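Coordinate inspection notes
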Amino acid sequence: VQLQASGGGLVQAGGSLRLSCAASGGAISRWNMAWFRQAPGKEREFVATIRWSGGSAYYADSVNGRFTISKDNAKNTMYLQMNSLKHEDTAVYYCAADVSRVTWPTMRVRAYDFWGQGTLVTVSS
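As a starting point, this report considers the structure included with it.

**With respect to the overall build of the protein**
In terms of regular secondary structure, the protein is built from 0 helices and 11 strands. Shown N-terminal to C-terminal, the secondary structure of the protein runs as helices and strands in the order β-β-β-β-β-β-β-β-β-β-β. Its C-alpha atoms put the protein at 40 × 25 × 25 Å along the principal axes. With 125 residues in all, the protein has 43% of them scored as buried. Summarising the internal contacts of the protein: among those between residues at least 6 apart in sequence, 59% fall at separations of at least 24. Total accessible area on the protein stands at roughly 6400 Å², and carbon and sulfur atoms take up 46% of it. With 13 positive and 8 negative side-chain charges, the protein shows a spacing of 5 Å between the two charge centroids.

Right, dumping it as structure tokens:
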């Protein structure tokens, strides 16, 4: 299984970006998927997760109402639409797959089996 995150970049505060996570070697339709982020000098933190069935999503309080997680099973790709970006959203964003699906939602890093390489989002204030 490989996950490839893309779509990061430099954006002004208040702007928008859409991240993508393309999967290969398996079907995201069977996995719980998530986005995490890690800012310099900080631990990796949960951002959002979408259930394998696609019908439910869960967000960290810090992004709720601004970010939207979604997926396209036909394209085997997950997305994170980020609106009203703030300087504190600056981080490397990682996508992750939970193939065991023991529970949902889960915000624990160790619950996820596969990780993308990360894509950098920089929000200028």
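**What to know about the state of the cysteines**
When the sulfur atoms of two cysteines share a covalent bond, that bond is a disulfide. Scanning the model with the defined rule gives 1 disulfide in all. There is a disulfide in this structure between C21 and C95, and the S-S distance comes to 2.2 Å. Linking C21 and C95, the disulfide has an S-S dihedral of approximately 70° and is accordingly described as right-handed. A residue pair is termed long-range when its members are at least 10 positions apart, and C21 in strand β3 (residues 17-24) and C95 in strand β9 (residues 91-98) qualify at 74 residues. Neither C21 nor C95 differs from the other in exposure class; each is buried.

**Details of the pattern of salt bridges**
A full pass over the atoms with the stated rule returns 3 salt bridges. Of the charged contacts in the structure, one is a salt bridge between D89 and R37, with a shortest N-O distance of 2.9 Å. Pair noted here: D89 is in the loop between β8 (77-82) and β9 and R37 is in strand β4 (residues 32-38), with a separation of 52 residues, a long-range link. Residues joined by salt bridges that share partners form a network here, namely R37, E45, R66 and D89.

**Some remarks on the packing of aromatic side chains**
The tally for this structure, following the rule as stated, stands at 5 aromatic pairs. Aromatic pair Y112 and W115: ring centres 6.3 Å apart, planes at 70°, arrangement edge-to-face. You can call Y112 buried: its relative accessible area is 5%. Here R44 stacks its cationic end above the ring of Y94, 3.7 Å away from the centre of that ring.

**Digging into the environment of V102**
Relative to the elements of secondary structure, V102 occurs in the loop between β9 and β10 (114-115). Sequence separation between V102 and F36 is 66 residues; the distance between their C-alpha atoms is 19 Å.

**Section: the layout of surface pockets**
The computed volume of the largest pocket comes to approximately 170 Å³. When the residues that make up the lining of the largest pocket are grouped by side-chain class, the tally is 2 nonpolar, 3 polar and 5 charged.

**Structural notes on unusual backbone geometry**
The omega angle of the peptide bond from W104 to P105 is 0°, so this bond is cis rather than trans. Turning to its location among the elements, P105 is positioned in the loop between β9 and β10. Phi is positive for N76, which is not a glycine, with a value near 55°. With respect to the helices, strands and loops of the structure, N76 is situated in the loop between β7 (67-72) and β8. The class for N76 is buried, based on a relative accessible area of 14%. Located in the positive-phi region is S84, a residue other than glycine, with phi close to 50°. The class of S84 is partly exposed, set by a relative accessible area of 41%.

So, how was this worked out
Residues numbered from 1 in each chain as written. Predicted model: local features only at pLDDT ≥ 70, side-chain atom pairs only at ≥ 80, totals over all residues. Heavy atoms only, no water. Helix = DSSP H or I, 4+ residues; strand = E, 2+ residues; numbered from the N terminus. Buried < 20%, exposed > 50% of the residue type's maximum accessible area, 1.4 Å probe, protein only. Contact = heavy atoms within 4.5 Å. Areas by Shrake-Rupley, 256 points an atom, 1.4 Å probe, with all protein chains shown as cover. Lys, Arg positive; Asp, Glu negative; His and termini not counted. Charge placed at Lys NZ, Arg CZ, Asp CG, Glu CD. Disulfide = S-S within 2.5 Å. Salt bridge = Lys/Arg side-chain N within 4 Å of Asp/Glu carboxyl O. Phe/Tyr/Trp six-rings, centres within 6.5 Å; stacked < 30°, edge-to-face > 60°. Lys NZ or Arg CZ within 6 Å of the ring centre and 35° of its normal. 1 Å grid on protein atoms, 1.4 Å probe; cavity = no way out; pocket = protein on both sides within 12 Å on 5 of 7 lines; lining within 4 Å. Points joined across faces, edges and corners; volume = space filled by probe spheres on them. Nonpolar A, V, L, I, M, F, W, Y, C, P; charged D, E, K, R; others polar.

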